[in-house]
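Residues per chain, in single letters:
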Protein chains: 2
Amino acid sequence: MSEKALSYLTENREQLLSKLNDFLSIPSVSTDSIHKKDINKAASFLETYLNDIGFDKVEQQDTGGHPLVYAEYNQAGPDAPTVLFYGHYDVQPVDPIDQWKSDPFKPEVRDGRLYARGSSDDKGQVFMHLAVFEAYMKTEGNLPLNVKVCIEGEEEIGSENLYRILHDKQDQFNADFAVISDSGMIAENQPTILYGLKGFTGIEINVTGPDHDMHSGMYGGAIRNPIMALNHILSSMKNEDEVVTVDGFYDGVEPLTDKERELIKQVQGEDYRSTAGVNETASEKGYTAKEHTMARPTFEINGMYGGYQGEGTKTIIPSSATAKITCRLVPGQDPDQVQQLLEEHVYNVAPSGVEVEVVKEKLSAKAYKVEPNNPLIEKAAKSYTKAFGKETVYVRMGGSIPVVEWIENIYKMPIVLLGFGTPDDRLHSPNESFPLDSFDKGMETLVHYWSEINKK
Amino acid sequence: MSEKALSYLTENREQLLSKLNDFLSIPSVSTDSIHKKDINKAASFLETYLNDIGFDKVEQQDTGGHPLVYAEYNQAGPDAPTVLFYGHYDVQPVDPIDQWKSDPFKPEVRDGRLYARGSSDDKGQVFMHLAVFEAYMKTEGNLPLNVKVCIEGEEEIGSENLYRILHDKQDQFNADFAVISDSGMIAENQPTILYGLKGFTGIEINVTGPDHDMHSGMYGGAIRNPIMALNHILSSMKNEDEVVTVDGFYDGVEPLTDKERELIKQVQGEDYRSTAGVNETASEKGYTAKEHTMARPTFEINGMYGGYQGEGTKTIIPSSATAKITCRLVPGQDPDQVQQLLEEHVYNVAPSGVEVEVVKEKLSAKAYKVEPNNPLIEKAAKSYTKAFGKETVYVRMGGSIPVVEWIENIYKMPIVLLGFGTPDDRLHSPNESFPLDSFDKGMETLVHYWSEINKK
């Protein structure tokens with residue numbers, strides 16, 4: 001362990017925070033071409049910082065879209081392991097802007113939290129890694145392992161260019177393992193190893209009835225109502241016990257072992273009812289809310305619309321209705337096959353008198369799971385516990401990170417998900433923030449981890 | 001029969017159409033306060049016209065909203081019957097304006113049809129009545145019966161003020177029977193007596209889940225999805241056989257007699273499939289589309305929405321979902337009771353984990369039915385046949401006209417629904433039109449009818 005690196009972080013805390021503020025002040029919103037300059041500014045910020053730290057090779061790679069910042073440190077020698085560090089410098093849009101209590105791009109500390117767009121997702125966490133590399137270089141004169149840095153600018157818009165680059169440049173990006181800090185802990189100050197992520201697939205269902213909205217008095221009783229048709233289709237896909245009733249949906253799903261149920265039970269986690277403001281949770285029959293959320297597949301209607309949405313009444317049979325559905329998958333489920341099952345189900349139950357079309361969501365991902373007793377994971381847990389003074393818990397989460405699946409599929413390397421966010425960070429929402437306590441203890445975790453890693 | 005009145009209409013056809021165009025050119029849209037001046041202009045147009053015709057008393061009544069145009073003709077003497085003629089001079093909004101092939105307020109004749117907002121609903125039909133009164137006065141010097149004219153400016157926004165006025169001024173509006181021309185024939189050139197209208201009630205269902213949209217990965221499996229909950233509620237209310245499955249919904253519904261089924265079967269009517277552009281009709285099990293549309297109650301979702309409606313995917317559990325439902329009722333059903341049954345059903349089946357609220361639609365109406373062998377109806381049928389040269393058919397229709405129920409309930413007077421519109425008129429839609437053939441033959445029908453009425 002490097003006491004010197006740790007002291008450096010403590011002594012230079014103000015300067016580092018001020019530098020982080022500079023980074024967060026750049027509105028690097030990737031969805032909107034109006035921010036193209038800001039995207040480039042954020043990439044250049046990283047390029048300069050990596051050069052200042054002393055990386056051997058630093059470059060901005062042309063992706064066809066927003067630049068990818070790449071860097072290498074090779075001086076730990078051929079016997080030391082090489083880590084691929086992935087992060088992203090682009091951020092979500094800030095709408096609705098009027099709900100922010102402070103300017104999303106003027107970072108402000110309130111009650112021990114740093115408020116800014118990107119403070120948690122993912123600029124804040126990216127910065128922590130760079131600061132730790134800086135601390136090692138400035139105090140020890142070297143890093144304890146070889147490092148490849150890959151920080152992209154298109155995570156919030158689907159990482160399509162990254163996917164191609166990871167495929168095409170396998171020599172460049174290959175490493176012994178990968179570390180990603182783009183996730184969170186299950187509670188503030190609760191060290192958390194994320195050892196499983198869900199996969200992802202989706203469909204859109206379009207139901208078309210009459211070729212124009214029709215008078216419900218003149219035609220009610222003669223024409224199939226597309227909204228009602230869609231209701232019948234959708235309610236045949238999941239029942240009130242929150243069980244998906246699409247044939248074959250659960251085929252191949254690894255059963256939850258008693259041991260894993262025990263592991264999930266021990267996780268304190270958040271109170272879903274208070275986070276959501278509801279009286280009761282609702283989960284798959286036979287499973288707790290934590291079990292379902294962490295380790296069972298889900299089926300959600302993300303949006304549905306058809307007909308009149310204004311005030312009062314408009315007595316029509318609408319001409320169409322649409323529903324958007326996404327599923328989160330667990331190990332053993334193949335996204336393409338599940339998508340196929342959903343499509344077949346919809347066509348099988350589609351009533352007469354309307355046209356039903358299924359559009360398959362292009363983006364999909366397999367679930368990811370790593371064994372909790374992998375030594376890379378165990379070392380991460382140990383470092384976490386040392387920094388936070390609390391036992392590390394192991395969790396699987398309902399979210400999906402496509403890049404995790406890609407790195408695993410293409411490189412077959414283990415991936416360590418070292419997240420320092422908290423459930424209150426409000427990612428993608430107004431008033432995103434990150435606890436300064438996570439900033440300090442997270443950097444300490446990384447200092448411990450890098451020195452642990454190279455121990456035989 | 002007045003040959004002179006008929007000749008007058010033929011000889012003055014161009015002037016009458018030009019005057020109708022002036023009336024249709026006034027954008028008397030009642031929903032939008034920007035058109036308040038136009039509303040007043042349309043009311044003044046009618047006031048002037050009624051004065052010019054020679055009515056004894058003409059006035060604009062202050063309703064608290066848009067003015068009601070009232071007129072009386074009393075010179076037919078105490079032995080002649082008195083008719084209350086009802087119509088409306090306000091029109092629907094014109095959105096979406098870009099779908100109109102010609103300006104909605106610059107009337108244009110194409111292929112024998114007069115295109116303009118209000119040409120069919122209801123300015124065109126109101127004008128026909130006034131033109132016939134003019135023809136009688138200009139040629140015979142009198143009308144064959146006493147007339148009370150009631151033309152309101154708030155039909156398209158619910159006629160709330162009219163309802164109060166009909167209640168409060170019963171002496172003024174009382175008559176021997178009422179005539180309304182705010183409906184249509186079942187096919188172009190097919191004289192149609194409408195002897196039954198459906199009633200009406202409705203509810204809105206609001207389902208509230210989490211207090212903000214939540215990440216479907218982090219919370220899917222823990223939180224009830226309001227859209228899915230609403231799907232389960234709605235699909236429990238009507239099945240795929242188009243049978244309403246709300247307990248008690250059909251209680252009291254008069255069974256369809258063999259004779260009435262025969263009457264409905266004989267109606268040629270429109271081809272619902274081609275009007276709607278669908279492959280198949282969909283109707284209550286055991287009933288044809290015509291039977292269901294004309295004489296069986298209906299349940300329609302007019303609009304439904306919740307969650308994400310944009311392009312692509314947004315992986316959320318939405319915080320709420322809403323559905324708007326209206327029912328058309330038949331004789332024997334009480335709107336308030338049906339509304340109550342709908343509400344109870346929704347609360348009974350509402351799943352846990354979401355809040356469900358039912359908002360009752362304020363406007364409701366009982367179904368209306370008059371005996372087809374009533375002499376007033378028989379005389380209308382005879383006049384129709386004379387003008388159109390074709391046997392008159394008797395139909396019930398799925399639409400609701402609240403004013404019909406009010407006049408019946410308050411005044412207990414028979415109501416004759418003399419509609420001259422056609423199924424292709426596109427009421428409330430872009431490119432509303434009215435066949436000039438209906439204009440000519442409709443006025444001829446009225447000339448015959450007024451002279452028939454006073455025959456003993």
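Residues numbered from 1 in each chain as written. Chains lettered and ligands numbered in written order. Predicted model: local features only at pLDDT ≥ 70, side-chain atom pairs only at ≥ 80, totals over all residues. Heavy atoms only, no water.

### Overview of the UniProt feature "domain: Peptidase M20 dimerisation" (unreviewed entry) in chain A
Here, UniProt's "domain: Peptidase M20 dimerisation" (unreviewed entry) annotation points to residues 195-352 of chain A. Taken end to end, residues 195-352 of chain A is 32% helix and 23% strand, and its first and last C-alpha atoms sit 46 Å apart. (UniProt positions renumbered as here; feature names shortened; annotations may be inferred. Helix = DSSP H or I, 4+ residues; strand = E, 2+ residues; numbered from the N terminus.)

### With respect to the interface of chain B and chain A
For an interface, size is often stated in terms of accessible area lost upon the parts coming together. Across the contact, 78 residues belong to chain B and 76 residues belong to chain A. Around 6200 Å² of area is buried between chain B and chain A when both sides are counted, 51% of it from carbon and sulfur atoms. Looking at the side of chain B facing chain A, the largest losses of area belong to Met 228, Glu 240 and Asn 302 of chain B, adding up to 10% of the total buried there. For the pair chain B and chain A, the interface holds 2 salt bridges. Salt-bridge contacts for Glu 242 of chain A lead to Arg 224 of chain B; the nearest nitrogen and oxygen are separated by 2.9 Å. For the side of chain B that touches chain A, the elements supplying multiple residues, two or more each, are strand 10 (214-215), helix 7 (216-219), helix 8 (226-235), helix 10 (272-276), helix 11 (289-295), strand 11 (298-307), strand 12 (316-317) and strand 13 (320-329) of chain B. Considering each element in turn, the side of chain B that touches chain A owes the most residues, 10 residues, to strand 11 of chain B. Residues belonging to the side of chain B that touches chain A are distributed by class as follows: 28 nonpolar, 34 polar and 16 charged. Examined bridge by bridge, strand 11 (residues 298-307) of chain A and strand 11 of chain B share 5 bridges and lie antiparallel to one another. (Contact = heavy atoms within 4.5 Å. Buried area = accessible area lost by both parts, 1.4 Å probe. Salt bridge = Lys/Arg side-chain N within 4 Å of Asp/Glu carboxyl O. Nonpolar A, V, L, I, M, F, W, Y, C, P; charged D, E, K, R; others polar. Pairing = 2+ DSSP bridges.)

### Quick look at the sheet that holds strand 11 of chain A
Backbone hydrogen bonds hold the strands of a sheet together, and the pairing may be parallel or antiparallel. Taking strand neighbours across the sheet as the criterion, the 8 strands line up as 14(A)-9(A)-13(A)-11(A)-11(B)-13(B)-9(B)-14(B) in an open arrangement whose pairing is antiparallel. The open sheet has two edge strands, strand 14 (355-360) of chain A together with strand 14 (355-360) of chain B, and neither has a second partner. Along the sheet, successive strands turn relative to each other by an average axial angle of 25°, direction set aside. (Axes fitted to C-alpha atoms, helices over the stretch in contact; angles between N-to-C directions.)

### Concerning the relation of the copies chain B and chain A
Rotating chain B by 180° and moving it 0.4 Å along the rotation axis overlays it on chain A with an RMSD of 0.4 Å. Given the turn and translation reported, the copies of this chain are related as if by a two-fold rotation axis. In terms of proximity to the rotation axis, the leading residue of chain B is Tyr 305 of chain B, whose C-alpha is 2.1 Å off the axis. Both copies present the same face, since 97% of the interface residues in chain B are matched by interface residues at the equivalent positions in chain A. (Least-squares fit on C-alpha atoms with pLDDT ≥ 70 in both.)

### Things to note about the sheet that holds strand 18 (residues 433-435) of chain B
Residues and elements named next belong to chain B. Within the open sheet, the 3 strands sit side by side as 4-5-18. Their pairing is antiparallel. Of all the strands in the sheet, just strand 4 (108-110) and strand 18 have a single pairing partner and so form its edges. Put simply, the sheet's adjacent strands are angled 30° from each other on average, direction ignored. For strand 5 (residues 113-115) and strand 18, the ladder comprises 3 bridges, and the chain directions are antiparallel. In the strand pairing of strand 18, Tyr 115 is matched with Ser 433.

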